[in-house]
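Letter by letter, the chains look like this.
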2 protein chains.
Amino acid sequence: MSAPTTVTAAVLVIGDEILSGRTKDRNIGYIAEYLGKIGVDLKEARVVPDVEEEIVAALNALRARYDYVVTTGGIGPTHDDITADAVGRAFGVPVIEDPRALAIMLERYAEADLTPARRRMARMPEGSALVDNPISRAPGFRIGNVFVLAGVPSVMQAMLDGAAREMRTGAIMQVEPIEAGAAPEGLYGDALGRIAEANPAVSIGSYPSFKDGRFMNQIVVRGKDAAAVKAAKAAVEAMLEAIRGDGKPL
Amino acid sequence: MSAPTTVTAAVLVIGDEILSGRTKDRNIGYIAEYLGKIGVDLKEARVVPDVEEEIVAALNALRARYDYVVTTGGIGPTHDDITADAVGRAFGVPVIEDPRALAIMLERYAEADLTPARRRMARMPEGSALVDNPISRAPGFRIGNVFVLAGVPSVMQAMLDGAAREMRTGAIMQVEPIEAGAAPEGLYGDALGRIAEANPAVSIGSYPSFKDGRFMNQIVVRGKDAAAVKAAKAAVEAMLEAIRGDGKPL
């Protein structure tokens, strides 16, 4: 059997407001889940401030390493929206006012209302393709393997639909959550480690949450080979049955 | 006047579950806000998977660059908890079973219940200091400028209280939010850019949110010099008053 195809991605969140705590990021989690479902594996995420050299350095590191990079934030009409310039610099291409983007914006704004600030939203690196914005029109853009999307979650989400259609996709990760409930990680940890070792085609995670003074645990088996995922899941379930039987460590 | 002191930090979130979208990260936002309030400026955040070389590379990049690094995740009792080993390798020091950590855990667990899995939680790089865990006892640790905390938010938050007490702190960022309401960014963007240029001691951000089919905007002035923040805020408020007067771009 040939190895399942893997397509990788990273997210680059751009914005002082995330690093100051003013805005709680919701884009990483959304993009992670969305890409996972279509067969693109998110491998890394970074949050950087609205500082051109920081954006350039992070973007160049990520785009060299992963099949795709999705950026969020910094493409609005105000002075702190510097993503287009940073992306242009990262790619070493000039940033121009894109006539297609301008035409789209003229569908929404009368020419008199197309302030210099709004015209900023038509700026993008030369050679970019547009990413449709069905919410507020001003488009995102794609250059090379980088998709540049808005930061506002609802706008980002609408743009991601279009961006994702452009992506190659790989085998989809099969995910099997298994509720361990109040069974303590400390009691099943050793046995779970042995199951993980015996099932190298899957990854197994154990995830505690803490509520009402106690931990509740969920074990998740993930992998691209459905049979391997199924076998590992059965092993985990049998192990949990045994631990529930006598409450002794396994 | 001497420049306000600046102490910087980065967050390193460790965990496959964040990158798969299973768990939505809440730690970056919490730590960002918490550190900001005590005078430590969060400058970058990264999310990496449970892969030792990824953790090592990210940690070494961040700890060289910022005054502090706070990591979250990967210090539990199961096989996928590999943060202690990765941190040890990043620092080039052996990972040992810490007798102080073990003693603390023996307050919670009878010796017979101290499974090999649970003993894993007492492992940390040699020379580490403990970070108190008032919730579930198994401590975090500090080595050099790196604080290694749990991933479960309530446990992480309790540990952060102790970690923060160990940090040097700088001047606290003064933050002044100004509601722009439905005033469009595209109408005030040019004027706001001129205010930002005229007030280089502060940073000014404009943050749209999208609700019920329209954007609502908030402008935030941030800086460490209270007088400069006050002056910039007044300029922004005057600008918004003017725009509300006749609805024309400024």
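Along each chain, residue indices are assigned from 1 in the same order as the chain's sequence is written. A letter from A marks each chain and a number from 1 marks each ligand, given out in the order of writing. In view of the model being predicted, local features appear only for residues whose pLDDT reaches at least 70, and side-chain atom pairs are presented and counted only at 80 or more, with totals across whole chains, interfaces and linings using the full set of residues. Computation of side-chain values covers all heavy atoms of the structure but excludes hydrogens and water.

Student: Can you walk me through the domain arrangement of chain A in this structure?
Tutor: The parts lose accessible area when they come together, and the size of an interface is often stated as this lost area. According to the domain assignment, chain A contains domain 1 (8-165) and domain 2 (174-246). The distance between the C-alpha centroids of domain 1 of chain A and domain 2 of chain A comes to 38 Å. Boundaries of every domain are those given by an automatic assignment or by a domain database.

Student: Explain helix 7 (residues 153-165) of chain B to me, please; I cannot follow it from the model alone.
Tutor: An α-helix turns once every 3.6 residues. As a result, residues three or four positions apart point the same way. Here helix 7 of chain B contains 13 residues, and its C-alpha end-to-end distance of 19 Å stays within 8% of the 18 Å for a straight helix at 1.5 Å per residue. In what follows, a contact means two residues having at least one pair of non-hydrogen atoms within 4.5 Å. The numbering of helices and of strands both runs from the N terminus, where a helix is a DSSP run of H or I of at least 4 residues and a strand a run of E of at least 2. Where helix 7 of chain B is buried, its residues meet strand 11 (214-223) of chain A together with helix 2 (27-38), strand 3 (68-72), strand 6 (129-131), strand 7 (140-143) and strand 8 (146-149) of chain B. How far a helix is expected to stretch is found by multiplying one less than its residue total by 1.5 Å.

Student: Mind showing me how you'd approach the environment of Lys224 of chain A here?
Tutor: Residue and element names in this part refer to chain A. Along the polypeptide, Lys224 turns up in the loop between strand 11 and helix 9 (226-246). Along the sequence, Lys224 and Ala171 sit 53 residues apart, while their C-alpha atoms lie 6.3 Å from each other. Aside from chain neighbours lying at most four places away, what touches Lys224 is Pro4, Thr5, Thr6, Asp41, Ala171, Ile172 and Met173. Counted as a polar contact is a pair of N or O atoms within 3.5 Å, where, for protein atoms, one must be capable of donating a hydrogen and the other of accepting one, and residues adjacent in sequence contribute only when both atoms are in side chains. A distance of 2.7 Å separates the side chain of Lys224 from the side chain of Asp41, its partner in a polar contact. Separated by 3.0 Å, the side chain of Lys224 and the backbone oxygen of Ala171 make a polar contact.

Student: What is the right way to read the sheet that holds strand 1 (residues 8-14) of chain A from this model?
Tutor: Hydrogen bonding along the main chain pairs the strands of a sheet, whether they run parallel or antiparallel. Two strands are said to pair when DSSP picks up at least two bridges between them. The strand order across the open sheet built from 12 strands is 6(A)-7(A)-8(A)-3(A)-1(A)-2(A)-2(B)-1(B)-3(B)-8(B)-7(B)-6(B), with neighbouring strands paired in mixed fashion. Each edge of the open sheet carries a strand with a single partner, namely strand 6 (129-131) of chain A together with strand 6 of chain B. Strand-to-strand twist of the sheet, defined as the mean angle between neighbouring strand axes without regard to direction, takes the value 20 degrees. Note: strand 2 (residues 41-48) of chain A against strand 2 (residues 41-48) of chain B, 3 bridges, orientation antiparallel. The residue of strand 2 of chain B that forms the bridge with Ala45 of chain A is Val47 of chain B. Seen against the sheet, helix 3 (residues 52-65) of chain A touches strand 1, strand 2, strand 3 (68-72) and strand 8 (146-149) of chain A and runs at an angle of roughly 170 degrees to strand 2 of chain A. Helix axes are fitted only over the stretch in contact, all axes being lines through C-alpha atoms; the angle between N-to-C directions runs from 0 to 180 degrees.

Student: How do you make sense of the interface of chain B and chain A when you look at a structure like this?
Tutor: Contact with chain B, which involves 57 residues of that partner, is made by 57 residues of chain A. For the pair chain B and chain A, the two sides together bury roughly 4,700 Å², of which 58% comes from carbon and sulfur. Take a side-chain nitrogen of Lys or Arg and a carboxyl oxygen of Asp or Glu: if they are within 4 Å of each other, that pair is a salt bridge. Joining chain B to chain A, the criterion identifies 4 salt bridges. Counting across the interface, chain B meets chain A through 16 residue pairs in polar contact (both at pLDDT 80 or more). Among the elements that line the side of chain B that touches chain A, the one with the most residues is helix 8 (residues 185-198) of chain B, at 9 residues. The residue classification treats Ala, Val, Leu, Ile, Met, Phe, Trp, Tyr, Cys and Pro as nonpolar and Asp, Glu, Lys and Arg as charged. All others, Gly included, are polar. Taken together, the residues of the side of chain B that touches chain A sort by class into 27 nonpolar, 15 polar and 15 charged. Note on definitions: buried area is the accessible-area loss of two parts on being combined, 1.4 Å probe, summed for both.

Student: Which parts of the structure should I look at to understand the packing of aromatic side chains?
Tutor: Residue and element names in this part refer to chain B. Note on aromatic pairs: the rings of Phe, Tyr and Trp (six-membered ring only in Trp) are paired at centre separations within 6.5 Å, and the planes decide the class, stacked below 30 degrees, edge-to-face beyond 60, tilted for the rest. Inspection of every chain in the model, using the stated rule, returns 6 aromatic pairs over all chains. When the centroid spacing of 5.9 Å and the interplanar angle of 35 degrees are considered together, the rings of Tyr30 and Tyr34 count as tilted. Of this pair, Tyr30 and Tyr34 both sit in helix 2, separated by 4 residues, roughly a single helical turn. For Tyr30, a relative accessible area of 27% corresponds to the partly exposed category. Pairing Phe210 with Phe215 gives two aromatic rings, centres 4.8 Å apart and planes at 65 degrees, and the pair type is edge-to-face. According to the relative accessible area criterion, Phe210 is partly exposed, its value standing at 24%. The buried label applies to any residue whose accessible area, calculated with a 1.4 Å probe on protein chains only, is under 20% of its type's maximum; exposed applies above 50%, and partly exposed to all values in between.

Student: Looking at this model, I keep getting lost on the sheet that holds strand 11 (residues 214-223) of chain B. Mind explaining?
Tutor: All names here are of chain B. Taken together, 3 strands build an open sheet; the order of strands is 9-11-10 and the sheet is antiparallel. The open sheet is flanked by strand 9 (174-181) and strand 10 (203-211), the only strands paired with a single partner. Looking at each pair of strands side by side, their axes are set apart by 20 degrees on average, direction ignored. Relative to strand 11, strand 9 runs antiparallel, the two being bridged by 7 bridges. Counted as the bridge partner of Gly181 is Asn217 from strand 11. Contacts from helix 8 reach strand 9, strand 10 and strand 11, with the element oriented near 165 degrees to strand 10.

Student: Teacher, can you tell me more about the pattern of salt bridges here?
Tutor: Oppositely charged side chains can pair when the atoms bearing their charge come close. Using the criterion set out here, one finds 28 salt bridges over all chains in the structure. Lys233 of chain A serves as the salt-bridge partner of Glu237 of chain A, at 3.9 Å between the closest nitrogen and oxygen. Of this pair, Glu237 of chain A and Lys233 of chain A both sit in helix 9, 4 residues apart, roughly one helical turn. Between Glu44 of chain B and Arg46 of chain B there is a salt bridge; the shortest N-O distance is 2.7 Å. For the pair Glu44 of chain B and Arg46 of chain B, one class covers both residues: buried.

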